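Listed below are the residues making up each chain.
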Amino acid sequence: MKWKKLGRVFCPDRNFPWMLTHASVPVVQHVSGDDYKIYFSCRDSQNRSHAGWVYINLLNPCKILDMSSSPILKPGELGTFDDSGVMPTWLVRSNQYFYMYYIGWNLGVTVPFRNSVGLALSTDGINYKRYAPGPILDRTSAEPHFCASCCVIPDENIWKMWYLSCTKWVISDGNPQHYYHIKYAESTDGINWNRNGQVAIDFSGSNEYAISRPTVIRDSNLWRIWYSYRGSAYKIGYAESENGITWHRMDDKSGIHSSSSGWDSEMIEYPLVFDHNGQRFMAYNGNEYGKTGFGIAVLE
């Protein structure tokens, strides 16, 4: 694989009080023709994440045609799992609903934060409402730390999810550091999930401590997954599978890397891969976890 970068699409510049900085974890929604709405999370003056969007045409993806003037999702009520921020991570259309899976943020004391996965629903793909005030995926007796970014695919009679699962916190240089990788879960309705601890993408060595934002595509009998992985800085990895559960990491074949200079020169992460008119595209973030915005690449 080799990806051709088409450029940076969007980076907030204090557009609104709720959209001061960042455009993290892009999520795409096909509208019509070559038009797409791309959701992302941005931050306010209190560093809380809100969900917004921009409207583009893939024939000229770096030109913004429209932009949300108000957030489609705001931080939740005081004390709830998402009172410190919301971050869209995946969008599925099934039957009459759009399912927007999002990361809820809570700030911590002994550790900096705790994440869970929430769900918002829409009948028109424009207005989203929380499915419930609490998360649909949270820490459990077997997974006691946190869970976050996910990819969800309805497949025949079963819904499949690949999600970030934190395995531990450790003190490193006097500060808590998280370790998380990608696990697999199943559901019959996209809301209630069965987890048995199945690891999909595991750490490759002791220098790796963060694997996040999976994006899965099925090509006939071959499953493909892209994700972020980090030692010193985030990179985009790639793996293949025959069943979508057991994966073979092939990070050297991801075909996309940090640039020599510019907005994605220090790191590259949070990929979202999607197909349109016989071409395969990737939306992704660059430096500082989305502070420099997001771009789009096309598979050559």
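See the structure printed just above.
To start, this report covers the structure provided alongside it. (Residues numbered from 1 in each chain as written. Predicted model: local features only at pLDDT ≥ 70, side-chain atom pairs only at ≥ 80, totals over all residues. Heavy atoms only, no water.)

**Focus: the overall build of the protein**
Within the protein one finds zero helices and 20 strands. The C-alpha radius of gyration of the protein comes to 18 Å, within 12% of the 19 Å expected for a compact globule of 300 residues. Within the protein, buried positions represent 56% of all 300 residues. Considering only residue pairs separated by 6 or more positions, the protein has 48% of its internal contacts joining residues 24 or more positions apart. (Helix = DSSP H or I, 4+ residues; strand = E, 2+ residues; numbered from the N terminus. Rg over C-alpha atoms; globule rule 2.2 N^0.38 Å. Buried < 20%, exposed > 50% of the residue type's maximum accessible area, 1.4 Å probe, protein only. Contact = heavy atoms within 4.5 Å.)

**Re the side chain of D34**
Tracing the backbone through its elements, the reader meets D34 in the loop between β2 (21-32) and β3 (35-43). Among buried Asp, Glu, Lys and Arg side chains, D34 stands out as unpaired, with K63 the closest opposite charge at 14 Å. At a separation of 2.8 Å, a polar atom in the side chain of D34 contacts the side chain of H276. D34 has contacts with I56, N57, L58, L59, H276 and N277, leaving out every residue within four places of it along the chain. (Lys, Arg positive; Asp, Glu negative; His and termini not counted. Salt bridge = Lys/Arg side-chain N within 4 Å of Asp/Glu carboxyl O. Polar contact = N/O pair within 3.5 Å; in protein donor to acceptor, adjacent residues only side chain to side chain.)

**Here we look at the sheet that holds strand β8 (residues 113-122)**
Read from one edge of the open sheet, four strands run β6-β7-β8-β9, paired in antiparallel fashion. Across the chains shown, the open sheet's two edge strands, defined by having one partner strand only, are β6 (86-94) and β9 (129-130). (Pairing = 2+ DSSP bridges.)

**Concerning the pattern of salt bridges**
Per the stated rule, a full pass over the model turns up 13 salt bridges. A salt bridge links D264 to K5, with the shortest nitrogen-to-oxygen separation between them at 2.9 Å. Taken as a pair, D264 in the loop between β17 (248-249) and β18 (269-276) and K5 in strand β1 (residues 3-10) lie far apart in primary sequence, 259 residues in all. Under the relative-accessibility criterion, D264 is labelled buried at 2%.

**As for the nonpolar core**
Judged by nonpolar contacts, the single largest core of 53 residues is most densely connected at Y101, V152, W162, W193, I201 and W247. The biggest single contributor to this core is strand β10 (residues 147-155), with five residues. V25, L164, C166 and Y179 belong to the second largest nonpolar core, which has 17 residues in total. (Core = buried A, V, L, I, M, F, W, Y, C linked by side-chain atoms within 4.5 Å.)

**Regarding the packing of aromatic side chains**
For any pair of aromatic rings, the description consists of the separation of the ring centres together with the inter-plane angle of the planes. Inspection of the entire model under this criterion finds 25 aromatic pairs. Arranged with centres 5.0 Å apart and planes meeting at 50°, the rings of W105 and F113 form a pair that is tilted. Judged by relative accessible area, which is 22%, W105 ranks as partly exposed. A cation sits over an aromatic face here: K37 above W53, 4.6 Å from the ring centre. For the cation-ring pair, R230 lies above Y234, with the distance from its terminal atom to the ring centre recorded as 4.5 Å. (Phe/Tyr/Trp six-rings, centres within 6.5 Å; stacked < 30°, edge-to-face > 60°. Lys NZ or Arg CZ within 6 Å of the ring centre and 35° of its normal.)

**Digging into the state of the cysteines**
Applying the stated criterion across every chain, the model contains zero disulfides. Of all cysteine sulfurs in the structure, the one in C151 sits closest to C150, which takes part in no disulfide; the separation is 7.6 Å. A residue is classified by how much of its surface remains accessible, and C150, at 0% relative accessible area, is buried. (Disulfide = S-S within 2.5 Å.)

**Some thoughts on the environment of V109**
Considering the arrangement of structural elements, one finds V109 in the loop between β7 (97-107) and β8. Here V109 falls in the exposed class, since its relative accessible area comes to 83%. Along the chain, V109 and S141 lie 32 residues apart, while their C-alpha atoms are 21 Å from each other.

**Observations concerning the pairing of β6**
When you tally the buried positions in β6, you get eight out of nine residues, the bulk of the element. In the sheet, β6 pairs with β7 via eight bridges, with the strands oriented antiparallel. Its bridge partner lying in β7, V86 is registered against G104. Hairpin connection from β6 to β7: two residues lie between these consecutive antiparallel strands, with N95 at a positive phi of about 55°.

**Describing the environment of V27**
Among the secondary structure elements, V27 is positioned in strand β2. Residues V27 and M161 lie 134 residues apart in sequence; the distance between their C-alpha atoms is 16 Å. Excluding its chain neighbours within four sequence positions, the residues that come into contact with V27 are K37, I38, Y39, P88, T89, W90, L91, R213 and L272.

**Some remarks on unusual backbone geometry**
Unusually for a residue other than glycine, H22 sits at a positive phi of about 70°. Considering the arrangement of structural elements, one finds H22 in strand β2. What makes H22 buried here is its relative accessible area of 7%. Even without being a glycine, R213 presents a positive backbone phi close to 45°. Locating R213 in the fold gives a position in strand β14 (residues 210-219). Of the residues examined, R213 reaches a relative accessible area of 1% and is grouped as buried.

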